[in-house]
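Commentary on secondary and tertiary structure
Chain by chain, the residues:
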Amino acid sequence: MATPLLSVENVTVSFEGFNALDGISLQLMPTSVRVLIGPNGAGKSTLLDAIIGHVSPAKGRVIFKGEDITRVDEYKIVRKGICRKFQAPGILESLTVADNLGLAARRHRECWRSFGTRVSPEVRSQVERVLGLIGLEEKRHSLAAHLSHGQKQWLEIGMVVASDAELLLLDEPAAGMSHDESSQTAELIRSLSNQHSILVIDHDMTFVAQLEAPVSVMHMGRMLKEGTLEEIRNDPQIAAVYLGRAKEIPHA
Ligand SMILES: Nc1ncnc2c1ncn2[C@@H]1O[C@H](COP(=O)(O)OP(=O)(O)OP(=O)(O)O)[C@@H](O)[C@H]1O
């Protein structure tokens with residue numbers, strides 16, 4: 001059987017005695033997409049924080065590529081190949097699209113001493129590859145400030161990809177997008193799963209259905225259920241957790 005890229009094993013995270021994560025476990029295989037849903041306060045963001053080393057678990061382990069990273073510093077975890085994209089784009093608006101991607105690629109390939117010198121052919125080809133993936137070739141010389149909201153989100157996903165991360169953590173990547181942009185984002189994430197593993201938090205069930213991926217449902221810091229969107233949708237326990245709102249989950 002294939003080895004998981006990521007294993008979260010019985011992780012507990014406490015804030016002043018309150019368990020935001022309460023012995024949660026999750027596995028993610030290489031080149032796969034997983035969607036994380038759950039009501040507000042379920043612990044979804046805290047789980048991403050625990051994976052990336054932003055909070056330190058009181059109990060349990062996080063294993064990435066067979067290595068225990070539970071208490072490794074956040075910046076070292078990023079270098080090991082996990083990268084997180086927050087809901088608000090973190091791009092540099094005064095730089096061009098290509099320069100934003102170049103920065104992300106260089107962070108991992110070249111030491112900071114070489115910053116400001118010529119861009120290496122390796123970085124240049126990485127920028128071209130990612131521009132193609134995110135569909136922004138035509139915008140390569142545009143300032144990031146001039147992009148639409150959806151394009152800014154795609155640029156930031158591109159920056160995560162340019163950094164060579166193997167595991168991408170995406171927090172509501174389609175938030176605030178039009179229906180078309182949202183569909184394109186789902187398509188982009190599906191295509192990225194050829195080379196990456198992607199853990200996506202989202203509340204928008206139309207978007208979740210478009211990802212065509214297994215869904216993990218969190219509730220009160222625990223994993224309530226994992227399955228297809230259809231299985232999740234038909235589970236009465238989950239309907240109760242969402243106080244009836246699970247009926248809004250569309251058929252996959
Ligand atoms: N730094 C913190 N200090 C204290 N409590 C926190 C902290 N971070 C999160 N919590 C609490 O932990 C619980 C889980 O929060 P978390 O943000 O992980 O939930 P979530 O599922 O991401 O919710 P949402 O969908 O609203 O973003 C909440 O009750 C929250 O108030």
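Rules used in this analysis
Residues numbered from 1 in each chain as written. Predicted model: local features only at pLDDT ≥ 70, side-chain atom pairs only at ≥ 80, totals over all residues. Axes fitted to C-alpha atoms, helices over the stretch in contact; angles between N-to-C directions. Helix = DSSP H or I, 4+ residues; strand = E, 2+ residues; numbered from the N terminus. Parallel < 35°, antiparallel > 145°, perpendicular 65-115°, else oblique. Left-handed = near helix turned anticlockwise from the far one by under 90°. Contact = placed C-beta atoms within 7 Å. Nonpolar A, V, L, I, M, F, W, Y, C, P; charged D, E, K, R; others polar. Near = placed C-beta within 6 Å. Pairing = 2+ DSSP bridges. Expected span 1.5 Å × (residues − 1). Buried ≥ 20, exposed ≤ 12 C-beta atoms within 10 Å, placed from the backbone.

**Brief notes about the packing of helix 4 (residues 121-133) against helix 5 (residues 149-162)**
- Where helix 4 contacts helix 5, the axes come no closer than 10 Å and their chain directions differ by 140°. Put simply, helix 4 runs oblique to helix 5. Note that helix 4 runs across helix 5; the crossing there is right-handed. Where helix 4 approaches helix 5, its residues Gln126, Val127, Val130 and Leu133 are matched on the opposing element by Gly158, Val161 and Ala162.
- Considering only residue class, the contact of helix 4 with helix 5 consists of five nonpolar, two polar and no charged.

**Some points on the site of the ligand**
- Every residue lining the ligand is accounted for by Phe15, Ala20, Gly38, Asn40, Gly41, Ala42, Gly43, Lys44, Ser45 and Thr46.
- Broken down by element, the shell around the ligand gets its largest block of residues, three residues, from helix 1 (residues 44-52).
- For the shell around the ligand, a count of residues per class yields three nonpolar, six polar and one charged.

**Regarding the sheet that holds strand 4 (residues 59-64)**
- Within the open sheet, the four strands sit side by side as 2-1-4-5. Their pairing is antiparallel. Edge positions in the open sheet fall to strand 2 (18-28) and strand 5 (67-68), since each of these has one partner strand only.
- Here strand 4 runs beside strand 5; their pairing, made up of two bridges, is antiparallel. Looking across to strand 5, one finds that Phe64 is bridged to Glu67.

**Quick notes on helix 5**
- For helix 5, which comprises 14 residues, the first-to-last C-alpha distance of 20 Å matches the rise-based estimate of 20 Å (1.5 Å per residue) to within 8%.
- Within helix 5, 12 of the 14 residues are buried, which leaves the element mostly enclosed by the surrounding structure.
- What helix 5 keeps buried is the set Gln151, Lys152, Gln153, Trp154, Leu155, Glu156, Ile157, Gly158, Met159, Val160, Val161 and Ala162.
- Positive phi appears at Asp164, one or two residues downstream of helix 5, with a value of about 70°.

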